Each structure stands twice: as C-alpha cells, then as structure tokens.
Amino acid sequence: PWDLVYWNGDLVVTEVDNGDLRCVTLAGVVTDLTPPVSLDQPQGIAADASGTLYITEWGTHHDVVKLHGSTLSLVAGSTVGYSDSDDVHAAQFYGVEGLDVSADGKRVVVADGNHGDGMAFNHIRVIHQ
C-alpha cells in the first residue's frame, strides 16, 4: 500500500516497505524526500496549505506525524490499539490507512482501518490541533 499527494509542484509518494518518501517531478525525475529520521512504514500522506506534510506510520508506532521543513513531530498516537483520548498522544490507532488535513492544518481526518485482517476497527477519526 502507498499513497501520494501533490506538494510544491511535485508528487510525494509513500513507500511502506522501505520507509521512504519519494518526490516525483512532473518531468518524471524521482528523488528521496528525506525527513530528519526514518519513518516507520509511512502509508497515508496529505499536505496543508503551508506545505506541511502529514503522514501515517503503520509499523510499530501506528501514529500520525507531520513534517514541516526538516522538523518531524508527532501529531497523535502512541501504540497499536483503538482508544480515543483527549490527550492526542495517548490515543491509539489500529490501521492508519490514510488521512486528509484541512488547509489550515487544524483538523486531521484519519481513515483508521484494519488492513483486511477482519478486526472491527474501521473508523474515521478526527484530530483537532
């Protein structure tokens, strides 16, 4: 599974298996978009109007992070599970299959699915920042 977003005139594609973000120009040139630390199986990706990228990590973290310039920070999530919380860092996600973000970055909508494993964790989750 992978996702892509139009960002700064190019496409950014997540590569789940190797933890990379690839930047693809309209001319077809592919380069790595390297965050300051490795991503843990990035899957969903979205961008707000300021160019901040929001990424779901499906590996051991099951969280949502954002990349603004060279700064990577946690938006929400802690460990695998399913738990809402007023403390976004204590919330738990199960599938983090995709996401979208409002233009101002204040609302992140997460498709928290089950990756086809049959578990009953198919929910749309909303994070207010």
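Everything here concerns the structure above.
The structure reproduced in this document is the subject of the present report. Computed from a predicted model, the values in this text were never measured in an experiment. (Residues numbered from 1 in each chain as written. Predicted model: local features only at pLDDT ≥ 70, side-chain atom pairs only at ≥ 80, totals over all residues. Heavy atoms only, no water.)

### Notes on the pattern of salt bridges
Going through the model one piece at a time under the given rule, you end up with 5 salt bridges. When the shortest N-O distance is used, the salt bridge between Asp32 and Arg22 registers 1.9 Å. Residue Asp32 is located in strand 4 (residues 30–32), and its partner Arg22 is located in strand 3 (residues 20–24); the two are separated by 10 residues in the primary sequence. When salt bridges with common partners are traced through the structure, they connect Glu15, Asp20, Arg22 and Asp32 into a single cluster. (Salt bridge = Lys/Arg side-chain N within 4 Å of Asp/Glu carboxyl O. Helix = DSSP H or I, 4+ residues; strand = E, 2+ residues; numbered from the N terminus.)

### Observations concerning the sheet that holds strand 9 (residues 98–101)
Spatial strand order, 9-10-11: 3 strands in an open sheet with antiparallel pairing. Taken across any chain shown, the strands that pair with only one partner, and hence form the sheet edges, are strand 9 and strand 11 (123–128). This sheet shows a mean twist of 20 degrees between the axes of neighbouring strands, independent of strand direction. Judged from the 4 bridges that link them, strand 9 and strand 10 (residues 107–112) form a sheet pairing that is antiparallel. Considered in strand 10, the bridge of Val101 is made with Val108. (Pairing = 2+ DSSP bridges. Axes fitted to C-alpha atoms, helices over the stretch in contact; angles between N-to-C directions.)

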